[in-house]
Structures are given as C-alpha cells and as structure tokens.
There are 2 protein chains.
Amino acid sequence: MIFGFDGGELKILLIERNEEPFKDWWALPGNLVRANESLDQSASRILNELTGLGDIYMEQYYTFGDPDRHPQGRVVSIAYYALLRLGGDKALKPISTYAKQAHWVNVKDLPKLAFDHQQIFDKGLEKIKRRIKHQPIAFELLPEKFTLTQLQNVYELILGKKLDKRNFRKKMLSFGVLRDLDEKQKGVSFRAATLYRFDKRKYAKLFGKEISF
Amino acid sequence: MIFGFDGGELKILLIERNEEPFKDWWALPGNLVRANESLDQSASRILNELTGLGDIYMEQYYTFGDPDRHPQGRVVSIAYYALLRLGGDKALKPISTYAKQAHWVNVKDLPKLAFDHQQIFDKGLEKIKRRIKHQPIAFELLPEKFTLTQLQNVYELILGKKLDKRNFRKKMLSFGVLRDLDEKQKGVSFRAATLYRFDKRKYAKLFGKEISF
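Residues numbered from 1 in each chain as written. Chains lettered and ligands numbered in written order. Predicted model: local features only at pLDDT ≥ 70, side-chain atom pairs only at ≥ 80, totals over all residues. Heavy atoms only, no water.

- Looking at an unreviewed UniProt entry, chain A carries the name DNA mismatch repair protein MutT, with the source organism given as Pedobacter quisquiliarum.

Okay, here's the thing in structure tokens:
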C-alpha cells in the first residue's frame, strides 16, 4: 500500500489487473517473494520496480491468508505500507504480467478493488492512523520544505477529519522538531506562508520514542 | 506468544523442542496452518490445543520470513500474541511432535530460545508495550476482581519499569471504567486492598477508541 502526497492530495498507487476474473479491476500492487530475499527486501524491490524509488519509509503491517481470498488457491499476502512524497515526473511501470498499468489515485476516489484489497487497504489505513498519532511519520510524505498548512493537511487527510488550526500549530511547534526557515512560500503573492524544515537529529531522537502528536 | 499473569508474575508459555538441531532448546509454541482454516482460526486452534482455553484475546502482530531462519528450508511464521489470566490447574499439553513439554516461564527468566524466537519475542513485547499505553488490554491478564496494585503490577511488568503509584491510580480511575466493588481482598488480614471490577459496557466503548493510558 503505497501512499504519496503531492502537497495537496493524498494518493495511493493502484495497478490495473490483467487477468481473469479480475481483468480491468484495480488492485494494490504486489508480487511474489523470491527464494533468497527477506520479506523486507522483497517489499523494497517491488516498490522500486514499480516507482524507481529507493530508501522509502515502509512498515510491514499485517498478513492476510484466508483460504478463499484468491480464486486460484491459497495465497498469503504480507502487507506493507510505504509513505513517500510525490513530485517530479516519475514514470510508473507495471511490475508484472498481472498488471496492465499503474496509477496514482486520490484516496477519496478509491475504485472498487479486486480480491480482499479493500480490507487490506482499510487495515493499513487504521494502522497508519494509529501510528501518525504517536510517531512522526507524517514528515515522510512532505517535501523537504513545507508549510504548517501542508503538515496539517496530511494529518487531516489521514485521520479523515478537520483539526483545529490553532491547537494543531501549537502542539506541532511544541515538540521542537520544526525549524523555521525564515523563508516564505514561493509563487504565492498574498500572505505567503512560512516554510519549515524538520530537524533531522531531533527527529531521529523523537522517532525512537512514543509521543502523543 | 502466549502471556499469562498469575496475579504476581508475568509468564510466557514455552515448549521444549524435540528434534535436532534444537533438541532440548526452548521455543515459542506454534504449528502449521491447515489448508482450510484462516490464520486467526489457526492461531486459536493452536492455543486451544496447548492450553485447552478458548475465547482468549489475540492479535496478529508480525510475520517473520528471512530465508535462513529455519535450518530445513524457508519457513514463514505469522506471529500472534495472546493475553490470558492464569489460575486453576490447567494442564498443558505439547501440541505437536516438535515439542517434548510445555511450561509457563517467568519473562524475567527467559532461557535462550531456538531459531529467531528471541527476535519474535522482542518484537511482540514492543507491540504490546505500545498497545498497552493506548488500549485497555491489561485487563485481559487480570482476574475478574483485582486490586489497583495488581493492575499497576501488570503495567510495570510489561513496560519494564516502575510507575508512580499516586499518578497511576489517579489516571486509571479517571477513565471511569473501574467499578469499586466495596469489597476487600481476602486472605489478607492487615490493610486488605479494595477490589475492583471493570465495567464491561464502558470497557467495550473505550476499546474502540484511542486513549492515553
């Protein structure tokens, strides 16, 4: 489950399946684990084959193995989520003969998904919602320089609800991981917002702990 | 990973392996998933075969699949943790030909474990530590009537640190899920402690939410 944030919208990478009975259905990307790789290596490889990207934040979150979840026999799927910032013109390529094409889709416009992939999506989102409250994973989705509005936007899109602007800012600034860049957003003439960067050293320290965001 | 609490100590169920190269080593219990059962059903069945117990709180927490984790070829293990209250004289039986015997072992005296089971234990404990701070899973380990000291004891054993008694009690009582039974601990003549029960309806409501315990 690969999430990307483009500064305004939260998107997920879906592939269009190629074979019956799910021809033309949308699905979460995935592929087989190779004989000599670990599960983490496999997840990284599949992400890289699809997006060309490496060094992306990923977490294994759940394993799905109901006996009837795949029409051709028992398939056990070990699910990971990945969070990344979208930008530039990365070309996507389908990773396997299972897929016709790959697309970034707004999570608000999720199509009907093949197999039990809706359930896999729901479980993953539930895990991310829980984690975003206690660990600073939201930053993985943001560009290097970001505004507090963008940061709040990420939280609101993941949690699926509006947050109070004043409380949000106060709380976020209180952790001491945001560095004010003394620099304004570009391309905005009226009331350009301040840009922040996060302090990587403090961030690394914070990451090891449990924090109530 | 089956945790049990007997009112004083936190224990884990280990089996003594039967076959080389891990003969006489201790390991976490487990067994093969059957062709027609889901992963959850499989975990419940294995727990039941070992302890005779059903209706136990369980969570799938991580899947381990490094190619070299088992000497006889690749084995993917889907790990669950279970939390239960110990009491009565439940006989334990080894669940498979892999095991010679099963024992409840104090988590403070964990022996050297076979395969990558130490890693599986560590990961599970990390997940439980995180969860116990936000969801009321500690109650799964307690008898129906318990004292606040026992409740604190569970938290301290899982978190691996001492907690301030006054703050702990204040916080716990503030959630409104503990019902004072107006009844004292038995078999204690001097300063017997008040017994509590948790309110199942409020508990169920709380369980669906994120709470900072």
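Additional details are given in the paragraphs that follow.
## Re the overall build of chain A
Step number 1: Summing up its helical and strand segments, chain A has five helices and eight strands in all.
Step number 2: Each helix and strand of chain A, ordered N terminal to C terminal, gives the series β-β-β-α-β-β-β-α-α-α-β-β-α.
Step number 3: Relative to the globule expectation of 17 Å for 213 residues, the C-alpha radius of gyration of chain A, 19 Å, shows essentially globular dimensions.
Step number 4: Evaluated residue by residue, chain A yields a buried proportion of 46% over its 213 residues.
Step number 5: Here the contacts in chain A between residues at least 6 apart in sequence split such that 63% fall between residues at least 24 apart.
Step number 6: A total of about 11,400 Å² of accessible surface is found on chain A, and carbon and sulfur atoms cover 48% of it.
Step number 7: Between the centroid of the 37 positive side chains of chain A and the centroid of its 27 negative side chains there is a distance of 7 Å. (Helix = DSSP H or I, 4+ residues; strand = E, 2+ residues; numbered from the N terminus. Rg over C-alpha atoms; globule rule 2.2 N^0.38 Å. Buried < 20%, exposed > 50% of the residue type's maximum accessible area, 1.4 Å probe, protein only. Contact = heavy atoms within 4.5 Å. Areas by Shrake-Rupley, 256 points an atom, 1.4 Å probe, with all protein chains shown as cover. Lys, Arg positive; Asp, Glu negative; His and termini not counted. Charge placed at Lys NZ, Arg CZ, Asp CG, Glu CD.)

## Overview of helix H3 (residues 148–159) of chain B
Residues and elements named next belong to chain B.
Step number 1: End to end, H3 covers 16 Å across twelve residues, agreeing with the expected 16 Å (1.5 Å per residue, within 8%).
Step number 2: When you tally the buried positions in H3, you get ten out of twelve residues, the bulk of the element.
Step number 3: Turning to H3, its buried residues are Leu148, Gln150, Leu151, Gln152, Val154, Tyr155, Glu156, Leu157, Ile158 and Leu159.
Step number 4: Just downstream of H3 lies Gly160, where phi reads positive at about 70°. (Expected span 1.5 Å × (residues − 1).)

## Section: the packing of helix H2 (residues 117–132) of chain B against H3 of chain B
All names here are of chain B.
Step number 1: Two elements in contact, H2 and H3, have axes whose closest approach is 9 Å; the angle formed by their N-to-C orientations is 140°. Our classification of the angle between H2 and H3 gives oblique. Considering the relative orientation of H2 and H3, their crossing is left-handed. Along the contact surface, H2 presents Leu125, Ile128, Lys129 and Ile132, while H3 presents Val154, Tyr155, Ile158 and Leu159.
Step number 2: When its residues are assigned to classes, the contact of H2 with H3 shows seven nonpolar, no polar and one charged. (Axes fitted to C-alpha atoms, helices over the stretch in contact; angles between N-to-C directions. Parallel < 35°, antiparallel > 145°, perpendicular 65-115°, else oblique. Left-handed = near helix turned anticlockwise from the far one by under 90°. Nonpolar A, V, L, I, M, F, W, Y, C, P; charged D, E, K, R; others polar.)

## Regarding the packing of aromatic side chains
Within a pair of aromatic rings, the relevant descriptors are the distance that separates the centres and the angle that separates the planes.
Step number 1: Tallied over the entire structure, the rule returns 16 aromatic pairs over all chains.
Step number 2: Members of the aromatic cluster, connected to one another through ring pairs, are Phe22, Trp25 and Phe115 of chain A.
Step number 3: Its end group placed over the ring of Tyr62 of chain B, Lys123 of chain B keeps NZ or CZ at 4.3 Å from the ring centre. (Phe/Tyr/Trp six-rings, centres within 6.5 Å; stacked < 30°, edge-to-face > 60°. Lys NZ or Arg CZ within 6 Å of the ring centre and 35° of its normal.)

## Structural notes on the domain arrangement of chain A
Many authors give the size of an interface as the accessible area that is lost as the parts come together.
All names here are of chain A.
Step number 1: Domain boundaries assigned for chain A yield domain 1 (2–129) and domain 2 (137–207).
Step number 2: Each of domain 1 and domain 2 was reduced to a C-alpha centroid, and the two centroids are 27 Å apart.
Step number 3: Residue-level contacts link 15 residues of domain 1 with 13 residues of domain 2.
Step number 4: Taken together, both faces of the contact between domain 1 and domain 2 bury some 1,300 Å²; the carbon and sulfur share is 69%.
Step number 5: If you look at where domain 1 meets domain 2, you find three residue pairs in polar contact (both at pLDDT 80 or more). (Domains from an automatic or database assignment. Buried area = accessible area lost by both parts, 1.4 Å probe. Polar contact = N/O pair within 3.5 Å; in protein donor to acceptor, adjacent residues only side chain to side chain.)

## Some remarks on the interface of chain B and chain A
Step number 1: Opposite the 24 residues of chain B that make contact, chain A presents 24 residues.
Step number 2: Each partner contributes to the roughly 1,900 Å² buried at the junction of chain B and chain A, and carbon and sulfur atoms together form 41% of this total.
Step number 3: For the pair chain B and chain A, the number of links is zero salt bridges.
Step number 4: At the surface where chain B touches chain A, the tally comes to nine residue pairs in polar contact (both at pLDDT 80 or more).
Step number 5: Taken together, the elements giving at least two residues each to the side of chain B that touches chain A come down to helix H1 (39–51), strand E4 (57–64) and H2 of chain B. (Salt bridge = Lys/Arg side-chain N within 4 Å of Asp/Glu carboxyl O.)

## Observations regarding empty space enclosed by the protein
Step number 1: On inspection of all chains with the given rule, the structure shows one cavity of 30 Å³ or more.
Step number 2: If you add up the space inside the largest cavity, you get close to 400 Å³.
Step number 3: What lines the largest cavity is a set of 20 residues, among which Lys127, Arg130 and Arg131 of chain A together with Lys127 and Arg130 of chain B lie closest to the centre.
Step number 4: Mapped onto the lining of the largest cavity, the elements with two or more residues apiece are strand E4 (57–64) and helix H2 (117–132) of chain A together with E4 and H2 of chain B.
Step number 5: Counted by class, the lining of the largest cavity contains four nonpolar, six polar and ten charged residues. (1 Å grid on protein atoms, 1.4 Å probe; cavity = no way out; pocket = protein on both sides within 12 Å on 5 of 7 lines; lining within 4 Å. Points joined across faces, edges and corners; volume = space filled by probe spheres on them.)

## Some thoughts on the environment of Trp25 of chain B
All names here are of chain B.
Step number 1: Position of Trp25 relative to the elements: it lies in the loop between strand E2 (10–17) and strand E3 (26–27).
Step number 2: Judged by relative accessible area, which is 30%, Trp25 ranks as partly exposed.
Step number 3: Taking the C-alpha atoms as reference points, Trp25 and Pro143, 118 residues apart in sequence, are found 32 Å from one another.
Step number 4: With residues up to four places along the chain from it excluded, the contact list for Trp25 reads Ile15, Glu16, Arg17, Lys112, Leu113 and Ala114.

## A word on the relation of the copies chain B and chain A
Step number 1: Superposition record for chain B on chain A: RMSD 0.0 Å, screw rotation 180°, translation along axis 0.0 Å. Overall, the copies show the geometry of a two-fold rotation axis.
Step number 2: A share of 100% of interface residues in chain B that are also interface residues in chain A marks the association as one of identical surfaces. (Least-squares fit on C-alpha atoms with pLDDT ≥ 70 in both.)

## A closer look at the pattern of salt bridges
Step number 1: One pass over the full model with this rule turns up 26 salt bridges over all chains.
Step number 2: Of the charged contacts in the structure, one is a salt bridge between Glu49 of chain A and Arg34 of chain A, with a shortest N-O distance of 3.6 Å. On the criterion of sequence distance, the pair formed by Glu49 of chain A in helix H1 (residues 39–51) and Arg34 of chain A in the loop between strand E3 (26–27) and H1 is long-range, its members being 15 residues apart.
Step number 3: A salt bridge links Lys100 of chain B to Glu16 of chain B, with the shortest nitrogen-to-oxygen separation between them at 3.8 Å. Here the residue Lys100 of chain B occupies a position in strand E6 (residues 99–106), and Glu16 of chain B occupies one in strand E2, the gap between them amounting to 84 residues.
Step number 4: Note on Lys100 of chain B: relative accessible area 36%, which makes it partly exposed.
Step number 5: Salt bridges linked by common partners bring Arg34, Glu37, Arg45 and Glu49 of chain A together as one network.

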